[in-house]
Each structure stands twice: as C-alpha cells, then as structure tokens.
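Summary of the model geometry
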Amino acid sequence: MHIQHWLESVPAIAVYLMVGGVIGLESLGIPLPGEIVLVSATLMASSQDHINPYVLGACAVGGAIIGDSIGYLIGRKGGKPLLEWLGRKFPKHFGPHHVATAEKAFTKWGMWAVFIGRFIALLRIFAGPLAGVLKMPYWKFLIANVLGGICWAGGTVALVYTVGKAAEKWMGQISYIGLAVAALFGVGSFVVMRIKAKKAAAEAEQQQAESAPATVAE
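The notes below deal with the structure included here. (Residues numbered from 1 in each chain as written. Predicted model: local features only at pLDDT ≥ 70, side-chain atom pairs only at ≥ 80, totals over all residues. Heavy atoms only, no water.)

Inspection of the entire model under this criterion finds five aromatic pairs. Seen from their ring centres, Tyr-72 and Tyr-138 are 5.2 Å apart, and the 55 degrees between their planes marks the pair as tilted. Separated by 66 residues along the polypeptide, Tyr-72 in helix α4 (residues 53–89) and Tyr-138 in helix α9 (residues 138–166) bring together distant segments of the chain. Relative to Phe-141, the ring of Tyr-72 lies with its centre 4.6 Å away and its plane at 20 degrees, an arrangement referred to as stacked. Of this pair, Tyr-72 sits in helix α4 while Phe-141 sits in helix α9, placing them 69 residues apart in sequence. Phe-141 shares its class with Tyr-72; the two are buried. (Phe/Tyr/Trp six-rings, centres within 6.5 Å; stacked < 30°, edge-to-face > 60°. Helix = DSSP H or I, 4+ residues; strand = E, 2+ residues; numbered from the N terminus. Buried < 20%, exposed > 50% of the residue type's maximum accessible area, 1.4 Å probe, protein only.)

Turning our eyes to something else, we now look at the environment of Gly-132. The residue Gly-132 is located in helix α8 (residues 121–133) in this model. Residue classification places Gly-132 among the buried positions, given a relative accessible area of 0%. For the pair Gly-132 and Ile-70, spaced 62 residues apart in the sequence, the C-alpha separation amounts to 9.5 Å. Not counting residues within four places of it along the chain, the set of residues in contact with Gly-132 comprises Tyr-72, Gly-75 and Arg-76. (Contact = heavy atoms within 4.5 Å.)

To continue, consider a nonpolar patch on the surface. Together, Trp-109, Trp-112, Ile-116, Trp-139, Ile-143 and Leu-147 give the surface a local cluster of nonpolar side chains, amounting to about 610 Å² of exposed area. Within the residue set of the nonpolar patch, elements represented by two or more residues are α7 (112–117) and α9. The element that contributes the greatest number of residues to the nonpolar patch is α9, accounting for three residues. (Patch = residues over 30% accessible without salt bridge, like charges linked within 9 Å, V, L, I, M, F, W, Y side chains within 5 Å. Areas by Shrake-Rupley, 256 points an atom, 1.4 Å probe, with all protein chains shown as cover. Salt bridge = Lys/Arg side-chain N within 4 Å of Asp/Glu carboxyl O.)

With that settled, consider the nonpolar core. In terms of nonpolar packing, the biggest core is built from 21 residues, with Val-15, Val-19, Ile-23, Leu-38, Ile-51 and Leu-56 touching the most fellow members. Breaking this core down by element, the ones donating at least two residues are α2 (12–28), α3 (34–47), α4 and α9. At six residues, α2 tops the list of elements feeding residues into this core. Apart from the residues within four sequence positions on either side, Val-15 is in contact with Val-10, Ala-41, Met-44, Ile-51 and Leu-56. (Core = buried A, V, L, I, M, F, W, Y, C linked by side-chain atoms within 4.5 Å.)

So, about unusual backbone geometry. Non-glycine residue Lys-135 carries a positive phi angle of around 55 degrees. Summarising the element assignment, Lys-135 is placed in the loop between α8 and α9.

Time to look at the packing of α2 against α8. With their axes 6 Å apart at the nearest point, α2 and α8 run at an angle of 60 degrees to one another. One finds that α2 runs oblique with respect to α8. Contact residues: Glu-26, Ser-27 and Leu-28 in α2; Arg-124, Ile-125 and Pro-129 in α8. (Axes fitted to C-alpha atoms, helices over the stretch in contact; angles between N-to-C directions. Parallel < 35°, antiparallel > 145°, perpendicular 65-115°, else oblique.)

With that out of the way, let us pick up α9. Spanning 29 residues, α9 covers 41 Å between terminal C-alpha atoms, matching the ideal 42 Å at 1.5 Å per step. For α9, every residue scored as buried is listed here: Phe-141, Ala-144, Asn-145, Gly-148, Gly-149, Trp-152, Ala-153, Thr-156, Val-157, Val-160 and Gly-164. (Expected span 1.5 Å × (residues − 1).)

Moving on to the pattern of salt bridges. Scanning the entire structure with this criterion turns up three salt bridges. Its salt-bridge partner being Arg-124, residue Glu-26 comes within 3.2 Å of it at the nearest N-O pair. Here the residue Glu-26 occupies a position in helix α2, and Arg-124 occupies one in helix α8, the gap between them amounting to 98 residues. Arg-124 matches Glu-26 in its accessibility class, with the two residues each being buried. Asp-68 is the salt-bridge partner of Arg-118, the closest N and O atoms lying 3.0 Å from each other. Of this pair, Arg-118 sits in the loop between α7 and α8 while Asp-68 is found in helix α4, placing the two residues 50 residues apart along the sequence. In this structure Arg-118 comes out as buried when scored by relative accessible area, which is 2%. Each of Glu-26, Glu-35 and Arg-124 takes part in a single network of salt bridges with overlapping partners.

Along the polypeptide, Ser-27 turns up in helix α2. There is a polar contact of 2.8 Å between the side chain of Ser-27 and the backbone oxygen of Ile-23. Filtering out sequence-adjacent residues up to four positions away, Ser-27 remains in contact with Gly-63, Ala-64, Gly-67, Asp-68, Arg-118, Arg-124 and Pro-129. (Polar contact = N/O pair within 3.5 Å; in protein donor to acceptor, adjacent residues only side chain to side chain.)

This is the structure:
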C-alpha cells in the first residue's frame with residue numbers, strides 16, 4: 001500500500017489517543033518519546049485533512065496537564081521512597097545524579113522549574129513527581145503545569161503545523177527533517193542534563209565529605 005493511502009486510512013481518533021496517551025504517560029514520569037510522537041502526528045495532520053490540528057493540540061495539552069498532575073499526586077503520596085524505587089527501575093533516567101540535578105533546579109527556580117522542565121526532555125518526566133515529593137503547593141504547581149502544557153504542546157503543534165502546510169509539496173522531506181530535529185533536540189537536552197546531573201552529584205558528594213566529622217586519631 002502506498003504511504004499516502006496508508007496515512008489516509010489511519011483513524012483520526014487513534015492519532016488523538018496516541019498523542020494524548022504518550023504525552024500523558026511521559027508527563028506522569030514514564031520515559032517515552034513524547035516530543036517525537038507530537039511532532040510526527042502534527043506533520044501527519046498538516047498533510048491529512050481528516051486530522052484536526054485543534055483537536056490534536058487539545059489532546060496534547062490535556063495529556064501534558066493531566067499526566068503531570070497525576071505524577072504530582074503520586075510523588076506527594078510516595079515521597080522519597082518513590083524516587084529511590086524509580087532509581088532502581090530506571091537508573092538511566094532516575095539515578096541519584098538525575099534526582100540531584102532536578103532538586104537543584106527546583107530549589108533555584110521553584111514553581112517555574114515545572115514550566116521550564118516542560119521544554120527539556122529529562123526534566124519533563126521529573127517535574128510532576130518531584131514537585132509532589134518536594135511538597136510544592138498544588139496551586140503553584142498547577143499554574144506552572146497549565147502554562148507549560150499550553151506553551152509546549154500547543155506551541156509545538158501550531159509551529160510544526162504551520163511549517164508543514166507552508167511546505168506541503170515537500171512534505172516527505174519535511175517529515176524526515178522534523179523528526180530529525182525533534183530527535184536531536186531530545187538527545188541534546190538529555191546529554192546536557194546528564195552532564196549537569198553528574199556535576200551536581202559530584203558537588204553533593206564533595207559537600208557531604210566536607211561536612212562529615214573528622215575521625216579523631218587514637
């Protein structure tokens with residue numbers, strides 16, 4: 001089957017549910033490629049009239065906000081033991097140095113770490129649960145969560161859809177370019193956060209060593 005015919009056969013409801021579900025689960029704290037899925041679906045919407053970009057954007061925003069809110073509640077309920085459990089299950093995403101970096105960001109930026117974290121791959125899965133663990137007031141979390149969800153998900157759909165429609169005759173090439181850009185952005189932000197995480201972990205170990213009482217020689 002030709003790729004164009006296959007795309008036309010994909011039900012719009014399946015695309016909406018996939019986008020909302022993947023972004024919701026990622027925002028909840030499960031490492032998933034939400035950004036790549038969102039960009040891909042938006043590029044698809046720009047070439048397929050049966051997929052409504054407004055509905056797609058609403059599903060993306062809704063998934064982001066609801067997922068983050070559930071993550072916040074889980075973090076509030078689970079506390080530090082939850083982060084330790086996640087660290088054992090997903091050491092590449094919730095290791096001690098990742099937690100140290102995220103906590104440092106929350107200490108410095110407060111509620112706006114939730115907003116900023118929406119645009120950074122690694123922090124996106126941390127924001128909700130960590131805000132709950134640190135017992136951030138829910139009203140502050142909700143404001144940053146809603147604003148971040150609208151700006152990131154809604155803004156991504158609006159930008160990618162506009163570019164896709166403007167270059168519809170080169171859609172095949174734009175699709176690959178869009179996916180490549182999304183992938184590079186996600187990998188780049190992940191690498192930067194890994195470097196910062198290791199630096200924060202080293203600083204934490206140094207501070208712990210300096211604060212430890214010296215052993216008195218007998």
